[in-house]
Amino acid sequence: DAGVIQSPRHEVTEMGQEVTLRCKPISGHDYLFWYRQTMMRGLELLIYFNNNVPIDDSGMPEDRFSAKMPNASFSTLKIQPSEPRDSAVYFCASSAPGLAGGPSTDTQYFGPGTRLTVL
Amino acid sequence: AQSVTQLGSHVSVSEGALVLLRCNYSSSVPPYLFWYVQYPNQGLQLLLKYTTGATLVKGINGFEAEFKKSETSFHLTKPSAHMSDAAEYFCAVSGYSSASKIIFGSGTRLSIRP
């Protein structure tokens, strides 16, 4: 398997523009996670899906952020409108169900990330 | 609920020296514990994990960690550091529960001196 695939790898945009980040999880994984990493706040879980259904979006910072998973092999994270404080590296990760049936106990496989810069 | 604390945001050791990265956790259910490594401009990758059974866990690249319930710790060690070990290391905790989410620590940057 090619691993988790994210695109684009780098995105530079201007404040107010819409940004769409894309992720293809590992085939057969039931869970998909979106994270944001910054120097100030570290690694933050934004949202995760189970079988294409959003389960917990409590980490989404505000209404400007939205995420979808239309099928098992594709997810998007959209920011509209973007702001300079959204500049960060965004990671997608996927995993199989854990021993307890939840998202927590199995290995998460991370993509290479998308480095977003909002000017 | 779970939480994790990594002691020391930056650790520097000489090549060939012992590596010790500290991690303490709290968990209201039996914990599952992980160490992930992040090399520059890459995503995180699993180094090792503890679920159940043997408390000394061996991972990739010569790293190991020991689960100590009495100390609520899961410190990461490697007997002899190599230049290629320079990276950021994240400790993470989750619980044996269908509702548990994995919680990552703030990370420790490991530097290796020649």
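Refer to the preceding data block for the structure.
Residues numbered from 1 in each chain as written. Chains lettered and ligands numbered in written order. Predicted model: local features only at pLDDT ≥ 70, side-chain atom pairs only at ≥ 80, totals over all residues. Heavy atoms only, no water.

### Focus on the pairing of strand β8 (residues 73-78) of chain B
Residues and elements named next belong to chain B. Rule in force here: Categorising residues by exposure relies on relative accessible area from a 1.4 Å probe, with only protein chains included: less than 20% of the type maximum marks a residue as buried, more than 50% marks it as exposed, and the intermediate range marks it as partly exposed. To qualify as a helix, a DSSP run of H or I must reach at least 4 residues; to qualify as a strand, a run of E must reach at least 2; elements of each kind are numbered from the N terminus. The rule for pairing is simple: two strands pair if DSSP sees at least two bridges between them.
Of all 6 residues in β8, 5 are buried; the element is thus mostly enclosed. The pairing of strand β7 (residues 64-68) with β8 spans 5 bridges and is antiparallel. Residue pairing in the sheet places Phe67 in a bridge with Phe74 of β8. Here β7 folds back onto β8 in antiparallel fashion, the turn holding 4 residues, of which Thr72 has a positive phi close to 45°.

### Brief notes about the state of the cysteines
One covalent bond between the sulfur atoms of two cysteine residues makes up a disulfide. All names here are of chain B. Inclusion rule: The disulfide definition used here is simple: a pair of cysteine sulfur atoms within 2.5 Å.
Evaluated as defined, the whole model comprises 2 disulfides over all chains. Between the sulfur of Cys23 and that of Cys91 lies a disulfide, 1.9 Å long from S to S. The sign of the S-S torsion, about -65°, decides the handedness of the disulfide formed by Cys23 and Cys91: left-handed. Of this pair, Cys23 sits in strand β3 (residues 19-27) while Cys91 sits in strand β9 (residues 87-95), placing them 68 residues apart in sequence. Both residues of the pair, Cys23 and Cys91, count as buried.

### Some details on the sheet that holds strand β7 (residues 65-71) of chain A
In sheet architecture, strand pairing relies on hydrogen bonds along the backbone and comes in two forms, parallel and antiparallel. All names here are of chain A. Put simply, the rule reads: Think of each axis as a best-fit line through the C-alpha atoms, taken over the contacting stretch in the case of a helix, with angles from 0 to 180 degrees between the N-to-C directions.
As summarised here, the arrangement of the 4 strands in space is β1-β3-β8-β7, forming an open sheet in which the pairing is antiparallel. If you trace the sheet from one side to the other, it starts and ends with β1 (5-7) and β7, each paired once. Shown here is a sheet whose adjacent strand axes are inclined to one another by a mean of 15°, direction ignored. Where β1 lies against strand β3 (residues 19-24), 3 bridges are found, and the strand directions are antiparallel. Among the inter-strand pairings, Ser7 is bridged to a residue of β3, identified as Arg22.

Everything listed here is a matter of geometry and, on its own, says nothing about what the molecule does.
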